[in-house]
Structures are given as structure tokens and as C-alpha cells.
Amino acid sequence: MSVPTSANAAQAVGEYLQSPDDLLKIAAFRKKLEKEKASIDSKLKSGVKDQLDATREGLKKLFSTRNNVQMIKDEMANVDKLCRDPQNVVKTFDQISRVSLVHRNFTQVEEMVNNLREMYSRLDDLEDMLASDKRDITGPAHNLFPIHHQLHQLEAFRNQTLHQAKKASADSRAILNRWFERLDKVIAEFDLYIGELSHNVLLIVRAGHPEVIVKLCKIAEIEGMEDQKAIAIKLVKKAANMDAAAKFKSMQANARQIKHYRSNMMKSITESIRQTFEENYIRDRENPAAFLDSLGWIYHDIIAIEEVVAPCFPPDYEIYNHYMREYHKSLNEIIKKLVADEPEATVILQLHAWMKEYRKSMRELQVPSELLEPPLLDGKDQTLIDDYLGLIVKKLDEWSANLMKTEIKEFIAREQPPELDVDGWYGMQGAIIMFQMVNQQVDLAADSGQGAILARVVEDSNRVMRQTQLQWINTVEGSLGGLVEYVIALANDQIKSADYAEALAARLEPLVSEKYKGIISERLNDAIDGYLDVAKKCTQTLIDLIFNDLKPATKQLFGSGWYNGIMSQIIETIRDYMSDYQAYLNSSILELLVEDLLDTFLITYLTALANSSKLRMPAATQQIKNDVSEAFQFFSTLKPPKELEAYFEVVEMVLSLLEASKSMVFLSYWSFAKKHGPCLAFVEGLMKAREDLDRSSVNEVMDSVKRKVKDEGLTDPLEPTIMKKIVIQSAFARLLNK
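Residues numbered from 1 in each chain as written. Predicted model: local features only at pLDDT ≥ 70, side-chain atom pairs only at ≥ 80, totals over all residues. Heavy atoms only, no water.

Draft legend 1. Geometry of the overall build of the chain. In terms of regular secondary structure, the chain is built from 29 helices and two strands. In the chain, buried positions account for 38% of the 738 residues. Intrachain contacts of the chain at a sequence separation of at least 6 include 77% that bridge at least 24 residues. (Helix = DSSP H or I, 4+ residues; strand = E, 2+ residues; numbered from the N terminus. Buried < 20%, exposed > 50% of the residue type's maximum accessible area, 1.4 Å probe, protein only. Contact = heavy atoms within 4.5 Å.)

Draft legend 2. Expanded view of the pattern of salt bridges. Under the criterion given, the structure shown has 34 salt bridges. Among the ionic pairs, R182 bridges to E127, the shortest N-O distance being 2.8 Å. Of this pair, R182 sits in helix α6 (residues 181-199) while E127 is found in helix α3 (residues 93-134), placing the two residues 55 residues apart along the sequence. For E127, a relative accessible area of 28% corresponds to the partly exposed category. Across the pair D460 and R463 runs a salt bridge, and its minimum N-O distance is 4.0 Å. Of this pair, D460 and R463 both sit in helix α18 (residues 451-478), three residues apart, which is roughly one turn of that helix. On the basis of relative accessibility, which here comes to 13%, the residue D460 falls in the buried class. (Salt bridge = Lys/Arg side-chain N within 4 Å of Asp/Glu carboxyl O.)

Draft legend 3. Layout of a nonpolar patch on the surface. On the surface, a nonpolar cluster with roughly 300 Å² of combined accessible area is contributed by L59, L62 and F63. Among the structural elements, L62 can be located in helix α2 (residues 26-84). For L62, a relative accessible area of 54% gives the class exposed. (Patch = residues over 30% accessible without salt bridge, like charges linked within 9 Å, V, L, I, M, F, W, Y side chains within 5 Å. Areas by Shrake-Rupley, 256 points an atom, 1.4 Å probe, with all protein chains shown as cover.)

Draft legend 4. Representation of the packing of α6 against helix α11 (residues 261-283) within the structure. Packing of α6 against α11 leaves a shortest axis separation of 8 Å and a crossing angle of 50°. It follows that α6 is oblique to α11 by the angle criterion. Here the hand of the crossing between α6 and α11 comes out right-handed. Touching F190, D191, I194, G195, S198 and H199 of α6 are Y261, M265, S268, I269, E271, S272 and Q275, all from α11. Among the residues making up the contact of α6 with α11, the classes are represented as five nonpolar, six polar and two charged. (Axes fitted to C-alpha atoms, helices over the stretch in contact; angles between N-to-C directions. Parallel < 35°, antiparallel > 145°, perpendicular 65-115°, else oblique. Left-handed = near helix turned anticlockwise from the far one by under 90°. Nonpolar A, V, L, I, M, F, W, Y, C, P; charged D, E, K, R; others polar.)

Draft legend 5. Representation of helix α22 (residues 567-584). The first and last C-alpha atoms of α22 sit 26 Å apart over 18 residues, in line with the 26 Å expected at 1.5 Å per residue. Taken together, the buried positions of α22 are occupied by M567, I570, I571, I574, Y577, M578 and Y581. Along its buried surface, α22 packs onto α19 (484-508), α20 (514-549), α21 (551-554), α23 (587-610) and α24 (619-635). (Expected span 1.5 Å × (residues − 1).)

Draft legend 6. Looking closely at the side chain of H352. Positionally, H352 belongs in helix α15 (residues 345-364). Leaving out residues up to four positions away in the same chain, H352 has contacts with D381, L384, I385 and Q450.

Draft legend 7. Focus on the nonpolar core. Core analysis: the largest hydrophobic core is formed by 107 residues, its most contacted members being F313, Y323, W354 and Y388. F313 has contacts with V201, I213, C217, M265, I269 and I319, leaving out every residue within four places of it along the chain. (Core = buried A, V, L, I, M, F, W, Y, C linked by side-chain atoms within 4.5 Å.)

Draft legend 8. Spatial organisation of the packing of aromatic side chains. For the structure shown, the criterion picks out 25 aromatic pairs. With centroids separated by 6.2 Å and ring planes inclined at 20°, the aromatic side chains of F601 and Y605 adopt a geometry described as stacked. A residue pair is termed a helical-turn pair when its members lie 3 or 4 positions apart in one helix, as F601 and Y605 do in helix α23 at four residues. Ring geometry for F601 versus F635: centroids 5.5 Å apart, planes at 55°, classification tilted. In this pair, F601 sits in helix α23 while F635 sits in helix α24, placing the two residues 34 residues apart along the sequence. The buried category is assigned to F601, whose relative accessible area is 5%. Exposure remark for F635: the relative accessible area of 0% places this residue in the buried category. Taken together, the ring pairs in this structure connect F558, W562, Y563, F601, Y605, F632, F634, F635 and F648 into an aromatic cluster. (Phe/Tyr/Trp six-rings, centres within 6.5 Å; stacked < 30°, edge-to-face > 60°.)

Draft legend 9. Structural view of helix α13 (residues 297-309). End to end, α13 covers just 16 Å across 13 residues, shorter than the expected 18 Å (1.5 Å per residue, more than 12% under). Along α13, the residues classified as buried are W297, I298, Y299, D301, I302, A304, I305 and V309. In this structure, the buried side of α13 is in contact with α7 (201-206), α11, α14 (319-340) and α15.

Draft legend 10. Looking closely at unusual backbone geometry. Omega for the peptide link from E373 to P374 comes to -5°, which places this bond in the cis form. Secondary-structure assignment places P374 in the loop between α15 and α16 (381-413). Residue P618 is bonded to the preceding M617 through a cis peptide linkage, with omega at 0°. You will see that A141, though not glycine, has its phi angle at about 50°, which is positive. Topologically, A141 is positioned in the loop between α3 and α4 (144-164). We classify A141 as buried; its relative accessible area is 4%. One non-glycine residue, E318, lies in positive phi territory at about 50°. Along the chain, E318 turns up in the loop between α13 and α14. We classify E318 as partly exposed; its relative accessible area is 48%.

Draft legend 11. Broad picture of the confidence of the model for the chain. Per-residue pLDDT for the chain averages 85, and the proportion of residues at 70 or more is 88%. When the criterion is pLDDT under 50, residues 243-253 qualifies, and its contacts beyond four places in sequence or with other chains add up to eleven contacts. Low pLDDT, under 50, characterises residues 732-736; the predicted model gives this stretch five contacts beyond four residues in sequence or across chains. (pLDDT = per-residue confidence, 0-100.)

Draft legend 12. Looking closely at the packing of helix α25 (residues 641-659) against helix α27 (residues 680-689). At a closest axis distance of 10 Å, the pairing of α25 and α27 adopts a crossing angle of 45°. Accordingly, the angle class assigned to the pair α25 and α27 is oblique. Where α25 crosses over α27, the handedness of that crossing is right-handed. Two secondary-structure elements touch here, α25 through V654, L657 and L658 and α27 through F682, V683, L686 and M687. Here the contact of α25 with α27 is composed, by residue class, of seven nonpolar, no polar and no charged.

Draft legend 13. Fine view of the environment of V628. Structurally, V628 can be placed in helix α24. By relative accessible area, V628 is classed as buried at 10%. Distance from V628 to M567, taken between C-alpha atoms, is 9.1 Å for residues 61 residues apart in sequence. Among residues more than four places away in sequence, those in contact with V628 are F648, V651 and E652.

Draft legend 14. Inspection of the environment of E522 at higher detail. Considering the arrangement of structural elements, one finds E522 in helix α20. Residue classification places E522 among the partly exposed positions, given a relative accessible area of 48%. Of the polar contacts made by the side chain of E522, one reaches the side chain of R523; its length is 3.2 Å. (Polar contact = N/O pair within 3.5 Å; in protein donor to acceptor, adjacent residues only side chain to side chain.)

Here you go:
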């Protein structure tokens, strides 16, 4: 503080002494400042004196007030003493007090008797009014307030009377209780009526009587205040001295029962919501799909609650929030019941879609998310999809198992010939039934609009298809002869199934995004491949049946009996089988069968040739030419000759090897080897079988062939040819076959 003060003083001096000439005026400045100081000191003394006078006067008044307060306190104590013991002042006070008490008792008794006499007539009127209002629970309830007002008065009278009768005899109290029994019944009926009104709030408002709900809330408010009073009295009686409490007349009438009107109203509303949901569910319990379709009333109720019900209630009720919470909870309970009843797969999928729509509708209605807790099914929507897919798997497994049981039984028993379809081909019902099942489930999944569900259903369908395909392969492999017609029918059925699967893929791909399109296409293409594999197995079985019958004939190939013309027998046998195949086998698979038949025929023929022990030359080559000519002529009825030439080319090359002289074999071999690879074991077998070549000649030929292979670096072709399937038997195996 000293530094600023010195600075201020220096500044003030500086204002007076701004030039050397001002030093001459110092004496004048001092006199001026002394005058100003004297004036300020005078004012300060005057102000201090005035303040002291005011403080002195205030203290005098404070002491006077204290004396007055003490005097009042003494007088009040005297008054209290006189009130407590008035008989010391008024000699007849005791008589006056007793007379006053008697008069008051007479007045109360007279009032009580009059009330008791009038009570039954009032109850008659109240019962009539209550019955009139109850006849139409959604009506205007004109008598609601009058009934409540009078019952409130009668109840207060009953409470006071029973309280006053506490010191009466037991018989007197019993008589009073019987006297009030009718009143108790009317009060109970009125409470039930209030509960019914609360139960039907929405119906009453929709019937055009919102004023009834306003009255209901007002009655609940009045009763709530009475409940609070009764609770407060009980608390005071617990906390205060009973003698002190007995001074208050209101504390004497404490026989009131706490009614909790507001709480009971909210409970009735909750119960009405639960009952509404329960009734709707029970009505359509046998048809849950219809129940889900009918739930549109929920949204109409929510709109009505917000627009016409909520304004009837005081804001502190938060009635809209209460309704929303209870609607959501009740809906959640009903949905859990529906799921627990294990509905059909279609219903589960419908429920999943409905729940999705429900959430969307709640957002559109701007219902706060905190009022929609817990989420439907506790937020485990995926369990619905899992349940749905589980049912699909279960049903597909059951249906396919039953179908395959029937189909395989008929296939093995073969009691009747297979059915003929519109094209005159043998067929079975398996493909039609299987794809009816699959399409039904796929269509349901597609209706969900969710690619993930559709993809899962397709995957499960593929699994079932693959299982049936494996069963058919095992069945065909384990069956014995006599089943030509049924193998044809099964092959046709597989081609039909492949067509159905292809059509299904084409139908589904546009319905899903790229994410699921690949999965669906992959699974269905896999199923198509499986059907073609079974069809291939069937055609191979048909071929095996032919060559199983031909075993006696094929064993004679290149033996002594062969030179007499065994090929005619072989061709005729094949022709007999093929006449049935051509008549009853699907044309698309017939083409594959002909190709496989050609391969099998050539493999059988060349294998027999490769394993022949001796070939009489040139009779053998001539017979081979005859065989080829006869076979070519037959197969040209099944396939265009131009295409056949490529098949029989290998026989022509082999024939060239047999006809070539010792020195020219390597030239024929070169043409053969360039296409089919070295095939040294096969060529050596041919050379050894030639009767016109001795051992040394064979060795020379094979040496030249091997040099050619080595010099040219010949290897097997990248794509194996028919020669890869030729099995060269060992000498020991040939001996056993003989």
C-alpha cells in the first residue's frame, strides 16, 4: 500500500510544481491544503457523532423490546396456568365442563342416529345408480361422481362411528359391524366398478366418453389424498404421545383402509393389455399365421392412446409411456409363447418378417426406444432363423428319407414295370416329389426377402440332394440282374432332376444380390453334377449289364472259336439291349450311353487282343477287319459314321501294326505312338501274338521300336486316350484265364 500512496502524493505535488517558478508558491499551497484538511476533519467529527447517537437509540429500543417480550411470556404462562386449572378461578367450572360434554355427546348421538336411519335409503339410491352405470361399461357414467361423493361421506361416518365404539362392549361393536355390512358391500362393488372402468379405458374413450376417464382420475386423486392423510395420522400416532394425539379430532377417525386407487388403476390397465393379447392369441392359437396377420390392431391402439387417451390423464401419470411399455412386454410374452408352441417353418419365417416390420413401424410412430425394452425375444432374432432352418432341415430329411424308402423299395422289388411319361420314357416319381418339396421351402425363403435365408435353404437342399444321390449310387451298385427297366427309369429321373435344379437356379439368381448369387449357383450346380454322376452310374450299369451277358462270347475273342465269327453274336446281344434303351431312355443320356458303349466295346476288344496268346496270320487280320466292319455297321445306326471313324481309328492303327512286315512295323508304330504314346507292353504283346514272327524277329522289332521311342523322346499324351484303359495281363493271369 505504501508504494501506491507515495506515488499518488508525488503525482499530486507534481501537479502543483510543474515549473521552477512554482517553488515560490509553496507557502500559499500549504495554507490551502491546511484549510481543506480542517474542513474534512470537521465533517468526520460530525458524522461520527451522528452515528453514535443512532447506535445509542437502537440499543435503548432493543432493551425495551426484550422487556416487553418477557412481560408477554409471563402473561402467557399465567394464561396457560389458568387454562390448565380453571377451577381455581371459576368455582363452577367442573359443572360447566360436564354439562358441555353431555351436550356434545347428545349432539353426536343424535347426528349418528340420524345418519344410521338415512344410510339404508341412501344406499338404495346408490345401488340403483351403480347398477345403471354398470349396465353400459363403456357408457357416459353420469352417476360416477355422485356415487363416489356419497360413499365417501358414508365411509367417513362409518370410520368415525367404529372408532368411537372402540370402548363399547363386544356385542355393541358386533351390532355396528353388521349394520355397516351393506355399506361395505356397496363400497366393494364400487371399487370393482372403478377397476372395470380402468380395465376398459381405451374402449370408453373410443366410445366417445373421455370425460369418464377424467372423472376416474379425479376420484383417484381424491382417494390418494385421503390415503396420504391416513398414512400421515398413523405416522404421527407412532411418533407422538398418544394423549397429545388424542386431542386432534382427525386422529380419532383413523379406521380408513388404504385404497391405492391410482396404483390399482394402473394395474387394471396393465391387466387389460395382457388380457387383450392373450385373447387374440388363444383365438388363433391353432392358426398362428392368422394371429400374426391380425396384429395390425396394435398400431391403431398406439395412435388412439397417444391422441385421445393420454390427454385424459394428468401428466404425472405418464400414461402413454405406461401403455407402450406394457404393450411391448405383453407382445414379447405372446411371441415367446408362439415360438414355444413350435409352429410350422412358414410361421417362423412370417414371424421374423413381422418383427422386422414391427420395429420399423415403432420408429415411424416415434415410440422412444427405451419404452421397447427388452427387445422382442430378448433380441435373439437369429434364433428364429436358426429354428426355421432347423425345421427345414428336419422336414427335408424326413420327407427325403420317406421318399427314398419308398423309391428304393420299388426299385429293388421291381414288382411292376416303371411308369411311362408323356415322352414314352420310363420314369419315377422321385424327381417330381423331391423338387416339389424343395421348391416349396425355397419359395418360402424367397418370400422373406433375405438372401442369407434363401442361400441357407439352398445349401440344405443341396445336402439332401447329395444324400439321395449317394443312396442311389449305393443301391445301383448293390443290385443284381433283372433291373434294366428300373435303371433306365432312374437314369431318366436323374436327368429330369438336373433339369429341375437348373431351372431353379435360373429362377433364384435374379432374386438375390451378388453376395448370395454365387453361393446359390455353386450349390445348385453341385447338385446338378451329382444328378449327372448318378445318371452316368446308371448308363455304366446298363453297359455293364450288356457285357455281363457277353462274358462267354468276349472270352472267345482271339481264341480258336473267334475265327468262326463270334462278333455276330456280340453285336446281336448289344442290339437287343439297345433296342430297349433307345425306346425308353432319355435321348440326352442315350447319346452319352452310346459313347460309353463304344468305349467299352473297343476297350474290351483291344484288351482281348492285347492279351491273346497266338494270332494266326493273315486269318487274324482278316477276321479283325470283318469284326470292325460288322461293328462299324451296327454302331452307325446309333451314331453318325463320320464320328465313328474317330473311335475306330485306333483299331485301324492296331490292324496296321499286325499287317506290317518285320522291317516296316516301326513305321506303323510311329503313327500309333504319336497319338497314343509308347504303349510298349501293348505293342510287344501284339508282336509276340503274331504267328508269323519268331522270338528273334519280335526282339528286333521291339529293339527298333524302343530306339524310336528313345530317339524321338516319345511320352504319354497330355490327355489320356483309350489305350490308357487297356489292361495287359501277366503271363500267370493269362494262364489262370485259360
